[in-house]
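# Architecture and fold: a report
Residues per chain are reported as follows:
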Amino acid sequence: MIHALFVLIFAFAIGQLIMKTNDKFSTRRDPAAIRQTYDFTNLNGNALDIALKQKMLGEIEVIKTADNFGISFGHFAFSTSDGQKFLGCEYYEKVVTVFESEGTAVGGKKSTMEISGPCKYSENLAKIQAAVIPMKKIR
């Protein structure tokens, strides 16, 4: 009886340890896991700005449904000025996309529409999940 109770308590303790360990490692993705083509941790200043723009805009994907459409951008890893490495969506909380009208102005300024959403990366870290644009509301 005491042996069975000991085994049960030991199994419970191991289970709790495993659950806590998984929680620790599931909260943050390691930038080292990101492929070399998305890793800009060695760049800074103007070179970093150019690489990020090329990565995000070079991999734009439009996702269409009957009622909505979304825009997904390329994802990246980078280093801050103090050397800390981050994935883009770990550092930035949201993605803001601004659309400008072409050929139409109100009071001398182009009309704009701003769409924002949370910055979340895809499972393979290569893409930022699409920000959904509600077409029914726009129409």
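Relevant structure appears above.
Residues numbered from 1 in each chain as written. Predicted model: local features only at pLDDT ≥ 70, side-chain atom pairs only at ≥ 80, totals over all residues. Heavy atoms only, no water.

### Some words on the sheet that holds strand β1 (residues 39-40)
Taken together, three strands build an open sheet; the order of strands is β1-β4-β5 and the sheet is mixed. Only two strands of the sheet have a single partner each, and these edge strands are β1 and β5 (85-87). Here β1 pairs with strand β4 (residues 77-79) via two bridges, running parallel. Bridge pairing links Asp 39 to Ala 77 in β4. (Pairing = 2+ DSSP bridges. Helix = DSSP H or I, 4+ residues; strand = E, 2+ residues; numbered from the N terminus.)

### Looking at the environment of Cys 119
Inspection of the secondary structure assignment puts Cys 119 in the loop between β7 (109-118) and β8 (127-134). Taking the relative accessible area as the measure of exposure, Cys 119 reaches 11% and is therefore buried. Expressed as a C-alpha distance, the spacing of Cys 119 and Tyr 92, which sit 27 residues apart in the sequence, is 6.7 Å. What Cys 119 contacts, discounting residues up to four positions off in sequence, is Gly 88, Cys 89, Tyr 92, Glu 93, Lys 94, Val 95 and Ile 128. (Buried < 20%, exposed > 50% of the residue type's maximum accessible area, 1.4 Å probe, protein only. Contact = heavy atoms within 4.5 Å.)

### Focus on the pairing of strand β6 (residues 94-106)
Bridge analysis of β6 against β7 gives nine bridges, and the strand direction is antiparallel. Considered in β7, the bridge of Ala 105 is made with Lys 110. Where β6 folds back on β7, the antiparallel hairpin that results is connected by two residues, among which Gly 107 adopts a positive phi of roughly 65 degrees.

### Let's talk about the sheet that holds strand β3 (residues 68-74)
Pairing is antiparallel in the open sheet, where three strands are placed in the order β2-β3-β8. Bordering the open sheet on either side are β2 (61-64) and β8, each of which pairs with just one other strand. Along the sheet, successive strands turn relative to each other by an average axial angle of 25 degrees, direction set aside. Bridge analysis of β2 against β3 gives four bridges, and the strand direction is antiparallel. In the sheet register, Glu 61 faces β3, and the bridge partner there is Ser 72. (Axes fitted to C-alpha atoms, helices over the stretch in contact; angles between N-to-C directions.)

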